[in-house]
Amino acid sequence: MSDTTSARDGVSVQVRGLRKYFHGQAVLQGVDLDVSPGEIFVIMGPSGSGKTVLLKHIIGLEMPDAGAISIDGQSIDGPGFMAKYRVAMVFQSGALLNSLTVGENVGLYLSEHRIKPEKEIARIVAEKLELVGLKGLEMRLPSELSGGMKKRVAIARALAIEPQLILYDEPTSELDPLMAVTIAEEILKLKQRIHVTSIVVSHDRDLAFGVADRIAIIHEGKILAVGSPEEIKANPEPIIQQFLTVEFKKQKFIL
Amino acid sequence: MFQNIGEMMILSWRTLLLLPQTFRQRRKVFDQLFEIGNTSLLMTCILSLFIGGVIALQSGPVLSERGLSSYIGGLVGLSICKELAPVMMSVLIAGRIGSAMSAEIGSMRVYQEIDALRTMNIDPIQYLVLPRLVAISFALPLLVIFSILVGWLGGAIVSMINHQIAVPFQAYFSNLREMVEVNDVVNGLIKSLFFAVIIGVVSCHQGLKTIGGPRGIGRSVTKAVVNSIVMILILDYFLTAFLLYFDK
């Protein structure tokens, strides 16, 4: 791992004209975004709007059909990009390695890249697990955990990387409200502590408006609006207002 | 088909380039070696014992009728070490270990574990394919040596207890020593090494390109086993021809 860029600095992200088609169907239709270093940028939108696909492009898991993504001005396709920047992603499903214990999962990045000695890795693993409320579960297997616990382990694994850019895919789904608040607080603390840049994909309006510096609304593969939480709330676009204000009304179903 | 062959060649090449990293992955290599040995040794023993036995049972009476029963040791010995042990063991390992490899890697692909590795800048080929390929390349020739020895023993037992053959242990092994050369055993081991690489590459390749959930995993496992066996049998012919040319 190169030390050319400090692990304590957040990075900027630029997305330009991003287009992606799956089986001829447009999933992303010319997405342009700029995320500043150390910013918490939330991408909101209905299911199937292309949020997760966009996130996968930013971390290089999907190749765009057109457009470009760069981090700190450097294309993510460039040689040695992943070795230069510490980027972490918290998958919606957790994506823990089922054959490894919780502790091995959390310390995987550090042990595989031989960044720290084993004792130090064990200390970091214990610290990160305690941070997400899973103290002492190092020896458990992922199959022994609930969905919410898996998500928290995935967050601990991302934190252990001490990333410059962290991508969250629905970080509070499957979590109870208390743990959702803990995760939101952790996203904010990370920003204060290591000035990490965070891109959060979420349906959770409380999380989005609680943590975001800026919010982008995506609909059918297009960015409808980008702005501060107040600007987004004030945006008169009917699709945005519907998405932000819709609530389940039991009375409608009572005959 | 050509795309698959191309992808497998690229996977083999990339794994070959990563061979110097094997020491760093030694724990995973030992885990895989244990897995292969633990799940296959008993089966190898049973299969080889009966293969040796059945060859003796089929050919022994025919040889006896022509007064050639003293050649039974050499016949069983050569059949086992040059052809049956490497091919049968490879087919067995393709079924038992190749299927497990493609299922495990396929499941990791479907459940985004491989994506997670890539986001951590961990090369899935180094982390998943290299240890498996190295382990199977060691394990299969070892299993073949074991299979050869047990197969010879199976032939000897049947030759002794079958009243139509009735060749004692000592005479059986004396003829076997006379007819089977070290080169014959080495030929079998060379074959098994090639077959091991085929099983490893085909199974890991199928696992890595798995899509579509549990049904996709099942499809990958089937393809891994069937393609491995077909490729083993085709390669067996060409390897045999090649090795015979050098035996002359």
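Parameters at a glance
- Residues numbered from 1 in each chain as written.
- Chains lettered and ligands numbered in written order.
- Predicted model: local features only at pLDDT ≥ 70, side-chain atom pairs only at ≥ 80, totals over all residues.
- Heavy atoms only, no water.
- 1 Å grid on protein atoms, 1.4 Å probe; cavity = no way out; pocket = protein on both sides within 12 Å on 5 of 7 lines; lining within 4 Å.
- Points joined across faces, edges and corners; volume = space filled by probe spheres on them.
- Helix = DSSP H or I, 4+ residues; strand = E, 2+ residues; numbered from the N terminus.
- Nonpolar A, V, L, I, M, F, W, Y, C, P; charged D, E, K, R; others polar.
- Buried < 20%, exposed > 50% of the residue type's maximum accessible area, 1.4 Å probe, protein only.
- Contact = heavy atoms within 4.5 Å.
- Buried area = accessible area lost by both parts, 1.4 Å probe.
- Salt bridge = Lys/Arg side-chain N within 4 Å of Asp/Glu carboxyl O.

Student: I keep staring at empty space enclosed by the protein and nothing clicks. Help me out?
Tutor: Over the atoms, a rolled probe matching the size of one water molecule traces out where space is still vacant. Across all of its chains, the model carries 3 cavities of 30 Å³ or more by this definition. Counted as a void, the largest cavity has a volume near 50 Å³. As for the largest cavity, its lining consists of Ala88, Met89, Phe91, Ala154, Arg157, Ala158 and Ile161 of chain A together with Ala116, Thr119 and Met120 of chain B. Going through the elements one at a time, β6 (87–90) and α6 (147–160) of chain A together with α4 (113–119) of chain B are the ones with two or more residues in the lining of the largest cavity. The greatest single-element share of the lining of the largest cavity, amounting to 3 residues, is contributed by α6 of chain A.

Student: What am I meant to see in the layout of surface pockets here?
Tutor: Space inside the largest pocket adds up to approximately 1200 Å³. Among the elements of the structure, α3 (102–106), α4 (108–112) and α5 (118–131) of chain A together with α2 (26–65), α3 (72–110) and α5 (124–161) of chain B are those that each provide at least two residues to the lining of the largest pocket. At 8 residues, α2 of chain B tops the list of elements feeding residues into the lining of the largest pocket. Looking at the lining of the largest pocket residue by residue, the classes come out as 15 nonpolar, 7 polar and 14 charged. In this model, the second largest pocket occupies a volume close to 740 Å³.

Student: Could you clarify how one ought to interpret the side chain of His57 of chain A in this entry?
Tutor: Residue and element names in this part refer to chain A. Mapped onto the elements, His57 comes out in helix α1 (residues 51–58). The class for His57 is buried, based on a relative accessible area of 0%. Apart from the residues within four sequence positions on either side, His57 is in contact with Leu18, Lys20, Leu28, Glu62, Met63, Pro64, Ile69 and Ile76.

Student: Whenever I open this one, the interface of chain A and chain B confuses me. Can you help?
Tutor: Frequently, the measure chosen for interface size is the accessible area that the parts lose on association. In this complex, chain A contributes 25 residues to the contact, which on the side of chain B involves 19 residues. Each partner contributes to the roughly 1800 Å² buried at the junction of chain A and chain B, and carbon and sulfur atoms together form 52% of this total. For chain A, the biggest contributors to the area lost against chain B are Leu61, Leu97 and Glu112 of chain A; these three give 28% of the whole. Linking chain A with chain B are 2 salt bridges. Between Lys28 of chain B and Glu112 of chain A there is a salt bridge whose closest N-O contact spans 3.3 Å.

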